[in-house]
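Here is how the chains run, residue by residue.
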Amino acid sequence: MRKTAIVGCGMTKFGRRTEGLIDLMTEACHQALRDSNTLHEDFQALFVGNMACNEFEGIQGPANALCSRLGLEPAFASRLENTTASGASAALAGWLAVASGTCNLALVAGGERMTTVPTQSATDIIARMLPPHEYTQGFTLPSMAGLLARRYMLTYNASREALAQVAVKNHHNASLNPDAHLQNLITVEDVLKSPSIADPLRLYDFCPISDGAAAIVLAPLEEAAKFTDAPVLISGIGAANDTHAVQERKDFLTLEAVRVASDAAYRMAGREPREIDVAETHDMATILEIVESEDLGFFEKGEGLNAEEAGTTALKGELPLNTSGGLKARGHPLGATGVAQIVEVVHQLQRRCGRRQVEADVGLACNMAGFGHSAIVSIMERAS
Amino acid sequence: MTARLSARRCESCGFAAMLEHLRCPRCKREVFKEFSISTGELVTYTVLTAVAEGCEKPLYLGFAEFEGKLSISAQLAFTDPAVGMKVKLGWGVLRKKKGETVEGLKLEPL
């Protein structure tokens, strides 16, 4: 396999957008093409991460539409759908294509437009990724987070206030990110006074519904200098699935797909969790940042929330998590998220994050499908 | 109303599930045996106020562990849940889907 690098990135502002999905992805791709000086290059492939443009926007075949808009023909274009991990699934496909030698230049785009439907309809569209039994019962993704939060708090004697601190931190980080959806600062009290959504979790424990897109350009590392003076190597990548039905998990407090995928990524990169300097996790709800931080190997089981309280995961801590604001505050346009996480890590490694910049040479992104149904973990390193 | 239902257990490793699998997700064998679901204990619950279309709010949802290491997620047929309480399987109205009322399993206090 060839060493594969990210040589360019692009991202739209996340939030409520009036443009269509293809417009948003075009904007992100245009940025990535300019960033990598590949505007006039031939690409062999375009991989598009998108979960539900059929339901949200009433269109099919977004990859073909985007390929045409960008003038990428005859590059092969295809959509990758893996629910909320569609973005990282597209990145994995791009990595496979370049690392295997099948393609030399691959463009990866992730995008979703969600504000086209009322919130309750969006909740329902997303809940349909659950097994039919769970969906029919009325389970939603937020309800799973509520169930997990209660069990976690009971098992580890964790406080509700400590969990709220995750949201406070991620809003603070997002306030320093011009592309983030929610840029307002909040307090623990704000979280605890917000309306109950899935008891014990409240409105401010959850990500908003957002529109947006992100894109990256992949090339062989040995050719990366042609496109950028700051290539970022994908040194490790791992992916895994867990049971579709959450009720069939070995341990309700462990996201096994995250554990297995990250183990594989660490092995490929020859790295250990303690060597990661910055990470983006899939914090659709505050409790997920905590449990993922444990299953990624950053902290022992039951210690994730203590690390949060101690400031370890803050911008100035030892291991800053979700410097972008995370799904919680940067926003979570489903298919865009996995690519946007990679863009944030790349920008951190390239020292392009302005007021939210941290010291980092090795970064990690963890994109999760559904409630841990699937996970893709990427490890990235400065290549120059 | 008490529901009398069965689940399947992998004869090789003991993994138990209500849903059908061609192969056991843990040991990859394919021989399962049916067994009757008895009583369980509520492991966690949530009260959902942001419900999906067709569901009444608030919606009480829970996870219970039944004898034989079988876990079941379902609506609660009661509104005073506590982690650790004993439950059994019942039956009732779950939601509306395309205008039709859908019934299914519910967790009831023992």
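Residues numbered from 1 in each chain as written. Chains lettered and ligands numbered in written order. Predicted model: local features only at pLDDT ≥ 70, side-chain atom pairs only at ≥ 80, totals over all residues. Heavy atoms only, no water.

Notes on the nonpolar core
All names here are of chain A.
Step number 1: Ile276, Met284, Ile287, Phe298, Leu364 and Phe371 are the most contacted members of the largest nonpolar core, which has 69 residues in total.
Step number 2: For methionine 284, the residues in contact, after removing those within four places along its chain, are Leu141, Pro142, Asp205, Phe206, Cys207, Leu327 and Phe371.
Step number 3: Core analysis: the second largest hydrophobic core is formed by 42 residues, Met11, Ala90, Val108 and Val345 among them. (Core = buried A, V, L, I, M, F, W, Y, C linked by side-chain atoms within 4.5 Å. Buried < 20%, exposed > 50% of the residue type's maximum accessible area, 1.4 Å probe, protein only. Contact = heavy atoms within 4.5 Å.)

Considerations on the pairing of strand S4 (residues 106-112) of chain A
Residues and elements named next belong to chain A.
Step number 1: Within S4, seven of the seven residues are buried, which leaves it mostly tucked inside the rest of the structure.
Step number 2: Here S4 shows no split at all, with Ala106, Val108, Gly110 and Glu112 on one side and Leu107, Ala109 and Gly111 on the other all buried.
Step number 3: Where strand S2 (residues 45-49) meets S4, five bridges bridge the pair, whose relative direction is parallel. Bridging across to S4, valine 48 finds its partner in alanine 109.
Step number 4: Looking at chain direction, S4 and strand S7 (residues 212-220) are connected through seven bridges and run antiparallel. Bridge pairing links glutamate 112 to glycine 212 in S7. (Helix = DSSP H or I, 4+ residues; strand = E, 2+ residues; numbered from the N terminus. Pairing = 2+ DSSP bridges.)

Looking at unusual backbone geometry
Glycine aside, a negative phi is what most residues show, and trans is what most peptide bonds show.
Step number 1: Across the junction of A:Asp199 and A:Pro200, the peptide omega takes the value 10°, indicating a cis bond.
Step number 2: As for its placement among the helices and strands, A:Pro200 is situated in the loop between strand S5 (196-198) and strand S6 (201-202).
Step number 3: Cis geometry marks the peptide bond from B:Lys57 to B:Pro58; its omega dihedral reads 0°.
Step number 4: By the element assignment, B:Pro58 lies in the loop between strand S4 (40-48) and strand S5 (59-66).
Step number 5: Phi is positive for A:Asn322, close to 55°, though the residue is something other than glycine.
Step number 6: Tracing the backbone through its elements, the reader meets A:Asn322 in the loop between helix H12 (304-309) and helix H13 (326-329).
Step number 7: Among the residues examined, A:Asn322 registers a relative accessible area of 0% and is labelled buried.

Considerations on the confidence of the model for chain B
Step number 1: Summarising the model, chain B shows a mean pLDDT of 92, and 96% of its residues fall at 70 or more.
Step number 2: For this predicted complex, the interface score ipTM comes out at 0.95, while the overall pTM is 0.97. (pLDDT = per-residue confidence, 0-100.)

So, helix H7 (residues 141-156) of chain A
Step number 1: Taking 1.5 Å per residue as the helical rise, H7(A) with its 16 residues ought to reach 22 Å, and the 22 Å between its terminal C-alpha atoms agrees with that figure.
Step number 2: Looking one or two residues beyond H7(A), the residue adopting positive phi is A:Asn157, at roughly 55°. (Expected span 1.5 Å × (residues − 1).)

Re the sheet that holds strand S11 (residues 374-382) of chain A
All names here are of chain A.
Step number 1: Spatially, S3-S2-S4-S7-S1-S8-S11-S10-S9 is the arrangement adopted by the nine strands of the open sheet, whose pairing is mixed. Since the sheet does not close on itself, it has two edges, and those belong to strand S3 (76-80) and strand S9 (278-280), each with one partner. In this sheet, adjacent strand axes meet at a mean angle of 25° when their direction is disregarded.
Step number 2: Relative to S11, strand S8 (residues 232-241) is paired through nine bridges, and the arrangement is antiparallel. Note on S11: the bridge partner recorded for asparagine 241 is serine 374. (Axes fitted to C-alpha atoms, helices over the stretch in contact; angles between N-to-C directions.)

Notes on the interface of chain A and chain B
Step number 1: Tallying the contact residues gives 30 residues for chain A and 32 residues for chain B.
Step number 2: Summed over both partners, the interface of chain A with chain B buries about 2,800 Å², with 57% contributed by carbon and sulfur atoms.
Step number 3: Viewed at the interface, chain B and chain A are joined by one salt bridge.
Step number 4: Note that B:Arg95 is salt-bridged to A:Asp124, the shortest N-O span being 3.5 Å.
Step number 5: Breaking the side of chain A that touches chain B down by element, the ones donating at least two residues are helix H5 (119-127), helix H6 (132-137), H7 and S5 of chain A.
Step number 6: If one sorts the elements of the side of chain A that touches chain B by residue count, H7(A) sits on top with seven residues. (Buried area = accessible area lost by both parts, 1.4 Å probe. Salt bridge = Lys/Arg side-chain N within 4 Å of Asp/Glu carboxyl O.)

Describing the packing of helix H8 (residues 160-174) of chain A against helix H11 (residues 286-295) of chain A
All names here are of chain A.
Step number 1: Contact pair H8 / H11: the axes reach a minimum separation of 8 Å and the direction vectors enclose 100°. Overall, the two elements H8 and H11 adopt an arrangement that is roughly perpendicular. Mapping the contact onto sequence places Leu163, Val166, Ala167, Lys169 and Asn170 in H8 and Thr286, Ile287, Glu289 and Ile290 in H11.
Step number 2: Looking at the contact of H8 with H11, its residues break down into five nonpolar, two polar and two charged. (Parallel < 35°, antiparallel > 145°, perpendicular 65-115°, else oblique. Nonpolar A, V, L, I, M, F, W, Y, C, P; charged D, E, K, R; others polar.)

Describing the state of the cysteines
Step number 1: As enumerated under the stated definition, the model contains zero disulfides over all chains in all.
Step number 2: In this model A:Cys103 remains outside any disulfide bridge; the closest cysteine sulfur is found in A:Cys67, 12 Å from its own.
Step number 3: Take A:Cys103: its relative accessible area is 7%, and that puts it in the buried class.
Step number 4: Not part of a disulfide, B:Cys13 finds its nearest cysteine sulfur in B:Cys24, a span of 3.5 Å.
Step number 5: A relative accessible area of 40% places B:Cys13 in the partly exposed class. (Disulfide = S-S within 2.5 Å.)

Re the side chain of A:Ser86
Residues and elements named next belong to chain A.
Step number 1: Looking at where serine 86 falls in the secondary structure, it is placed in helix H4 (residues 86-99).
Step number 2: Here the side chain of serine 86 touches threonine 83 through a polar contact of 2.7 Å, landing on its backbone oxygen.
Step number 3: Among all residues touching serine 86, those that are not within four sequence positions of it are Gly49, Asn50, Met51, Leu80, Glu81, Gly335 and Asn367. (Polar contact = N/O pair within 3.5 Å; in protein donor to acceptor, adjacent residues only side chain to side chain.)

A word on the sheet that holds strand S3 (residues 32-36) of chain B
Across a sheet, paired strands are connected by hydrogen bonds in the backbone, their directions being either parallel or antiparallel.
Step number 1: Taken in spatial order, the three strands of this open sheet run S2-S1-S3 (chain B), and their pairing is antiparallel. With partners counted over all chains shown, the strands left at the sheet margins are strand S2 (16-17) and S3 of chain B, one partner each.

Observations regarding the environment of B:Arg95
Step number 1: Topologically, B:Arg95 is positioned in strand S7 (residues 86-97).
Step number 2: On a C-alpha basis, the gap between B:Arg95 and B:Val83 in space is 24 Å, while along the polypeptide they are twelve residues apart.
Step number 3: In this structure, B:Arg95 is in contact with A:Asp124, A:Tyr135, A:Thr136, A:Gly138, B:Ala52, B:Glu53, B:Gly54, B:Cys55, B:Glu100, B:Thr101 and B:Val102, ignoring residues within four places of it in sequence.
Step number 4: Within the structure, B:Arg95 has its side chain in polar contact with the side chain of A:Asp124 (distance 3.5 Å).
Step number 5: A distance of 2.4 Å separates a polar side-chain atom of B:Arg95 from the backbone oxygen of A:Tyr135.

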